[in-house]
Amino acid sequence: MEAIMSRTRINLKYFFSNILNAVGAGVVIALLPNALLGELLKLFKDQHPILELVFQLVTIIQSFMAFIIGILAAHQFKFSGAGASMIGVSAMLGSGAIQMNANGIALKGIGDIINVILVIIIACALYLLLQGKFGSLEMIILPVFIPVVSGLIGLTTLPYIQIITKSLGHMINSFTEFNPLIMSILISVTFSLLMVTPISLVAIATAISLNGLGSGAANMGIVAACVTFFFGSLRVNSVGVNLVLFIGAAKMMIPVYLKHLIIAIPLTINGIISGLLTYFIGIKGTPLSAGFGYTGLVGPINAFNRMPGDSTFNIILLALGYFIVPFISAFIIHELCKKFIPSYNDNIYRFEITHQ
């Protein structure tokens, strides 16, 4: 009995590890093109039809995030091509990214990542249970049953899952009632802790219309998370992983963070420092810029546009706030955590994904 329970725990750990690894990689693949090029393309696309088309394409790519995560999850489990397509379609149907109305269907946003994970868990479990059970009828039954059942469950749970995002939004919105310094620290720490989770911070910021200094603090919280994971990863991961983290796509580390919650300690400390930088420099932004950090220079550009005074001096301040101080402080904090926290070391930041 004990052997069976041990084997079950290993199988469950393998199952959920595959799902989380797929989420980490899929988020990067889907969001990186728009994060890198989106803000730059906005500056030049109006007079150039080709750039307008490229902007539309990178926006569409991120709307297929659920499908990409589903395909990668199936790949982790070594499903066939047909099986992978079923999981991808299931994730897309249940994500909330597809909006149905009287005029047809449309893509809206990236969907709810938490709900995407739930749908993928259901779809993968169904495929594992049912594959090989129907013989020659498998290619008739499974492509109908798995996407429809998984997608239906996903659309049913979506409104309830979205309550989590709304509740967090209300909590963050309550921080704006404090004085500007306390508000900046609380929002920065919160966004730093939530950045590398399945929760969409852009959705929270836009839902509560987080503007001005609050948006800047959120933006700097993202920076805090990015530099924390960058220095943690630097010695244990490949150049490619570290480059992605340096660019600012820290969401790929979701599986790492959820397995090692001790990382919340440097995230909190770096979040406090970023909150202080926000207040003393006067970093501001918009609801849409709040969830991007320095990726694609979305945060710095929006902050620069809202800063009064000499442009050169403002650029120096933003360079200090977004790059120099956060990187130096994150390195020092990482080394101090390794020295004083027994369970904290470089290896907890190791990013692993199965190559097949």
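Conventions adopted
Residues numbered from 1 in each chain as written. Predicted model: local features only at pLDDT ≥ 70, side-chain atom pairs only at ≥ 80, totals over all residues. Heavy atoms only, no water. Helix = DSSP H or I, 4+ residues; strand = E, 2+ residues; numbered from the N terminus. Rg over C-alpha atoms; globule rule 2.2 N^0.38 Å. Buried < 20%, exposed > 50% of the residue type's maximum accessible area, 1.4 Å probe, protein only. Contact = heavy atoms within 4.5 Å. Areas by Shrake-Rupley, 256 points an atom, 1.4 Å probe, with all protein chains shown as cover. Lys, Arg positive; Asp, Glu negative; His and termini not counted. Charge placed at Lys NZ, Arg CZ, Asp CG, Glu CD. Salt bridge = Lys/Arg side-chain N within 4 Å of Asp/Glu carboxyl O. Core = buried A, V, L, I, M, F, W, Y, C linked by side-chain atoms within 4.5 Å. 1 Å grid on protein atoms, 1.4 Å probe; cavity = no way out; pocket = protein on both sides within 12 Å on 5 of 7 lines; lining within 4 Å. Points joined across faces, edges and corners; volume = space filled by probe spheres on them. Nonpolar A, V, L, I, M, F, W, Y, C, P; charged D, E, K, R; others polar. Pairing = 2+ DSSP bridges. Axes fitted to C-alpha atoms, helices over the stretch in contact; angles between N-to-C directions. Left-handed = near helix turned anticlockwise from the far one by under 90°. Phe/Tyr/Trp six-rings, centres within 6.5 Å; stacked < 30°, edge-to-face > 60°. Lys NZ or Arg CZ within 6 Å of the ring centre and 35° of its normal. pLDDT = per-residue confidence, 0-100.

1. Remarks on the overall build of the protein
What the protein contains, in helices and strands, is 14 helices and 2 strands. Rg of the C-alpha trace for the protein: 21 Å, near the compact-globule value of 21 Å for 356 residues, within the 12% margin. Taken over the C-alpha atoms alone, the protein extends approximately 70 × 55 × 40 Å along its principal axes. By residue count, 50% of the 356 residues in the protein fall in the buried class. Here the analysis covers contacts within the protein between residues at least 6 apart in sequence; of these, 74% occur between residues at least 24 apart. Carbon and sulfur atoms provide 71% of the accessible area of the protein, an area that totals close to 16,700 Å². Side chains of the protein carry 17 positive and 11 negative charges; the gap between the two charge centres is 7 Å.

2. Regarding the pattern of salt bridges
Under the criterion given, the structure shown has 6 salt bridges. Two residues, Arg235 and Glu335, come together in a salt bridge whose shortest N-O distance is 3.2 Å. Remark: Glu335 occurs in helix 14 (residues 311–340) and Arg235 occurs in the loop between helix 9 (212–233) and helix 10 (239–247); sequence separation between them is 100 residues. Using a relative accessible area of 26% as the deciding quantity, one classes Glu335 as partly exposed.

3. Here's the deal with the nonpolar core
Judged by nonpolar contacts, the single largest core of 97 residues is most densely connected at Ile19, Ile120, Cys124, Ile187 and Phe229. By residue number, the principal contributor to this core is helix 9, which donates 12 residues. Beyond its immediate stretch of four places on either side in the chain, Ile187 contacts Ile172, Phe175, Thr176, Leu210, Gly214, Ala217 and Ala218.

4. Here we look at the layout of surface pockets
Over the atoms a probe the size of a water molecule is rolled, and this reveals where empty space is left. Computed from the structure, the largest pocket encloses a volume of approximately 1,300 Å³. The wall of the largest pocket is formed by 50 residues, among which Gly109, Ile110, Ser200, Val202 and Ala203 lie closest to the centre. Elements with a contribution of two residues or more to the lining of the largest pocket: helix 1 (2–44), helix 2 (49–63), strand 1 (98–101), helix 5 (113–130), helix 6 (138–175), helix 8 (201–207) and helix 13 (298–305). With 9 residues, helix 1 is the largest single contributor of residues to the lining of the largest pocket. Taken together, the residues that form the lining of the largest pocket break down as 25 nonpolar, 19 polar and 6 charged.

5. Regarding unusual backbone geometry
In the Ramachandran plot, Lys78 falls in the positive-phi region, its phi being about 60° despite a non-glycine side chain. Mapped onto the secondary structure, Lys78 falls in the loop between helix 3 (65–76) and helix 4 (81–94). Owing to a relative accessible area of 62%, Lys78 belongs among the exposed residues under this scheme. The backbone of Ser209 sits at a positive phi, close to 50°, despite the residue not being glycine. In this structure, Ser209 sits in the loop between helix 8 and helix 9.

6. Topic: the environment of Ala30
Here Ala30 lies in helix 1. Those residues in contact with Ala30, other than ones at most four positions away along the chain, are Ile61, Gln62, Met65 and Ile68.

7. Observations concerning the pairing of strand 2 (residues 104–107)
Examined bridge by bridge, strand 1 and strand 2 share 4 bridges and lie antiparallel to one another. Within the sheet, the bridge partner assigned to Gln99 lies in strand 2 and is Ala106. Turn length for the strand 1-strand 2 hairpin, with the two strands adjacent in sequence and antiparallel, is 2 residues.

8. Some words on the packing of helix 13 against helix 14
Direction vectors running N to C along helix 13 and helix 14 enclose 145°, while the axes themselves pass 10 Å from each other. For helix 13 against helix 14, the interelement crossing comes out right-handed. Here helix 13 contributes Gly299, Pro300, Ala303 and Phe304 to the contact with helix 14, which in turn contributes Ser311, Asn314, Ile315, Leu318 and Tyr322. By residue class, the composition of the contact of helix 13 with helix 14 is 6 nonpolar, 3 polar and no charged.

9. What to know about the packing of aromatic side chains
Here the structure, examined in full by the defined rule, presents 18 aromatic pairs. Taken together, a centroid distance of 5.5 Å and an interplanar angle of 20° make the contact between Phe77 and Phe79 stacked. One aromatic cluster in this structure is built from Phe230, Phe231, Phe246, Tyr294, Tyr322, Phe323, Phe327 and Phe331. Against the face of Phe55 rests Lys45, its NZ or CZ located 5.0 Å from the ring centre.

10. Let's talk about the environment of Gly285
You can see Gly285 is positioned in the loop between helix 12 (264–281) and helix 13. Taking C-alpha positions, Gly285 is 8.7 Å from Asn305, a pair spaced 20 residues apart along the chain.

11. Some points on the side chain of Thr228
Mapping Thr228 onto the fold places it in helix 9. A relative accessible area of 3% means that Thr228 is categorised as buried. Leave out the neighbours within four places in its chain, and Thr228 touches Ile263, Pro266, Leu267, Asn270, Ala330 and Tyr349.

12. Description of the confidence of the model for the protein
Mean pLDDT over the protein stands at 90; residues scoring 70 or higher make up 96%. Below a pLDDT of 50 lies the segment residues 2–7, which in the model reaches 0 contacts outside its immediate sequence neighbourhood of four places, other chains included.

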